[in-house]
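Listed below, chain by chain, are the residues.
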Amino acid sequence: MNNILEIKNLNKSYKKFELKNINLTIPAGYIMGYVGQNGAGKTTTINMINHICKYKEGSIKVDGITYEENPVKYKESIAFVGDESFFYPSAKISVIRKTLKDFYPTFNEDKFNSFIKKYNLPEKQKIDYFSRGMKVKLMFAATFSRDSKLLILDEATNGLDPVVREELLNDLQEYIENGSRSILFSTHVLSDLEEIADYITFIDEGRILVSKPKDEMLEDYLLVKGEPGQITGENSKYLIGIDHKAYNFEALIKTEDAEKIGSGFVIEKPEISQIMLHSIKERRQHEKRN
Ligand SMILES: Nc1ncnc2c1ncn2[C@@H]1O[C@H](COP(=O)(O)OP(=O)(O)OP(=O)(O)O)[C@@H](O)[C@H]1O
């Protein structure tokens, strides 16, 4: 199986921020959720993949090649959808169709037309008058009509209604179905990732905390709830990222440790957002202790 994205030992320093030793791999045919708090370093990583932002240490390969090896092929292998429309506001769909045709060798006009129809986008209206959801659909119609190997999404599904969101999530899954493409999906809407991601990577303060298959991550941890008095010197070593509330606490625990903490706790299956929250809390608490 070939890897569509391969990042090795990537480092980048700004005055007040450091992206440190980023290693990421997405095999062909898979979706990776890239998540972390505001300012964690997601967009910085994406800008380096897109080669908007330069780096001195580490390497990035997209579909087996680095930017330096073949800049045109490298750029053609990537499609990007962010949270802002990339179309000229006074253009209509006809102008966009022609621009895409001229600019992208793999652009498939029939595919584009069928997405325009499917998403019910008006041919005769200026993009300026499109709603946010319509602009997002148009960006995806343009993207799905090219044969890019790596699709990068940076908060691309922000502000969509549940029906449009569901439709797009299905289309994203279809986009990778032929097994030759992959998606790096950065979002704060973790429920989208619960639905379609195969891998989840947490980044915190410029460092990768965890990167693994989503199902493995969801099986690896359980959520523990109890009263503060139930925490002892013995069982506290198994509790990850304890969140103390007024009358109770919540923490993560490794599934294999669940029987070691004693009885009387409420134990539930966690969501990705809860695993992220407690993992980050644990890291902060660990830093404070050392
Ligand atoms: N060109 C730059 N010069 C200096 N610092 C920068 C530059 N670009 C980004 N940063 C800093 O890098 C850090 C990470 O920013 P980044 O945009 O990658 O975060 P993010 O994880 O995408 O956050 P968000 O979820 O808020 O979009 C921030 O502290 C930001 O101020």
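Residues numbered from 1 in each chain as written. Predicted model: local features only at pLDDT ≥ 70, side-chain atom pairs only at ≥ 80, totals over all residues. Heavy atoms only, no water.

### A word on the site of the ligand
Then step 1. Every residue lining the ligand is accounted for by Tyr14, Phe17, Gln37, Asn38, Gly39, Ala40, Gly41, Lys42, Thr43, Thr44 and His188.
Then step 2. In the environment of the ligand, an oxygen atom lies 2.7 Å from a nitrogen or oxygen atom belonging to the side chain of Thr43.
Then step 3. Look at the ligand: alone it shows 650 Å² of surface, and the protein chains cover 57% of it.
Then step 4. The class makeup of the residues in the shell around the ligand is 3 nonpolar, 7 polar and 1 charged. (Near = heavy atom within 4 Å. Polar contact = N/O pair within 3.5 Å; in protein donor to acceptor, adjacent residues only side chain to side chain. Areas by Shrake-Rupley, 256 points an atom, 1.4 Å probe, with all protein chains shown as cover. Nonpolar A, V, L, I, M, F, W, Y, C, P; charged D, E, K, R; others polar.)

### Quick look at the UniProt feature "domain: ABC transporter" (unreviewed entry) in the protein
Then step 1. UniProt feature "domain: ABC transporter" (unreviewed entry): in the numbering of this structure it lies at residues 5-230.
Then step 2. Across residues 5-230, helical content stands at 34% and strand content at 28%; the span's end C-alpha atoms are separated by 45 Å. (UniProt positions renumbered as here; feature names shortened; annotations may be inferred. Helix = DSSP H or I, 4+ residues; strand = E, 2+ residues; numbered from the N terminus.)

### Examining the packing of aromatic side chains
Then step 1. Here the structure, examined in full by the defined rule, presents 9 aromatic pairs.
Then step 2. With centroids separated by 5.7 Å and ring planes inclined at 80 degrees, the aromatic side chains of Tyr30 and Tyr199 adopt a geometry described as edge-to-face. Placement of Tyr30 in the loop between strand 2 (18-27) and strand 3 (31-35) and of Tyr199 in strand 8 (residues 199-204) is noted, with a sequence separation of 169 residues between them.
Then step 3. Accessibility expressed as a relative area gives 29% for Tyr30, which makes it partly exposed.
Then step 4. In textbook terms, an aromatic cluster arises when at least three aromatic residues are bridged by ring pairs, as seen for Phe115, Tyr119, Phe140, Phe144 and Tyr175.
Then step 5. In this structure, Arg146 is placed above the aromatic ring of Tyr104, and the distance from its NZ or CZ to the ring centre is 3.7 Å.
Then step 6. One residue, Arg181, lies across the ring of Tyr175, its end atom 4.3 Å from the ring centre. (Phe/Tyr/Trp six-rings, centres within 6.5 Å; stacked < 30°, edge-to-face > 60°. Buried < 20%, exposed > 50% of the residue type's maximum accessible area, 1.4 Å probe, protein only. Lys NZ or Arg CZ within 6 Å of the ring centre and 35° of its normal.)

### Section: the pairing of strand 3
Then step 1. In terms of residue burial, strand 3 counts as a mostly covered element, since 5 of its 5 residues are buried.
Then step 2. The alternating pattern of strand 3 places Ile31, Gly33 and Val35 on one face and Met32 and Tyr34 on the opposite face, and all of these are buried.
Then step 3. Alignment of strand 3 against strand 7 (residues 182-186), held across 4 bridges, turns out to be parallel. Bridging from a neighbouring strand, Ile31 pairs with Ile183 of strand 7.
Then step 4. Pairing of strand 3 with strand 8, which is carried by 4 bridges, proceeds in the parallel orientation. Paired with Tyr34 across the two strands is Thr201, which belongs to strand 8. (Pairing = 2+ DSSP bridges.)

### Brief notes about the packing of helix 4 (residues 109-118) against helix 5 (residues 132-144)
Then step 1. In contact at an axis separation of 8 Å, helix 4 and helix 5 are set at 155 degrees when each is read in the N-to-C sense. On the basis of the axis angle, helix 4 is roughly antiparallel to helix 5. Judged by the twist between their axes, the crossing of helix 4 over helix 5 is right-handed. Between helix 4 and helix 5, the residues in contact are Lys111, Phe112, Phe115 and Ile116 and Leu138, Ala141, Ala142 and Phe144, respectively.
Then step 2. Its residues assigned to classes, the contact of helix 4 with helix 5 shows 7 nonpolar, no polar and 1 charged. (Axes fitted to C-alpha atoms, helices over the stretch in contact; angles between N-to-C directions. Parallel < 35°, antiparallel > 145°, perpendicular 65-115°, else oblique. Left-handed = near helix turned anticlockwise from the far one by under 90°. Contact = heavy atoms within 4.5 Å.)

### Things to note about the sheet that holds strand 13 (residues 266-268)
Then step 1. The 4 strands lie next to each other as 11-12-10-13, forming an open sheet whose pairing is antiparallel. For this open sheet the edge positions go to strand 11 (240-244) and strand 13, each flanked by a neighbour on one side alone. Geometrically, the sheet is characterised by an average inter-axis angle of 25 degrees between neighbouring strands, direction not taken into account.
Then step 2. Where strand 10 (residues 221-226) and strand 13 come together, 3 bridges link them in antiparallel fashion. Within strand 13, the residue paired with Lys225 across the bridge is Val266.
Then step 3. Those strands touched by helix 9 (residues 272-289) are strand 10, strand 11 and strand 12 (249-254), and its axis lies near 95 degrees from that of strand 11.

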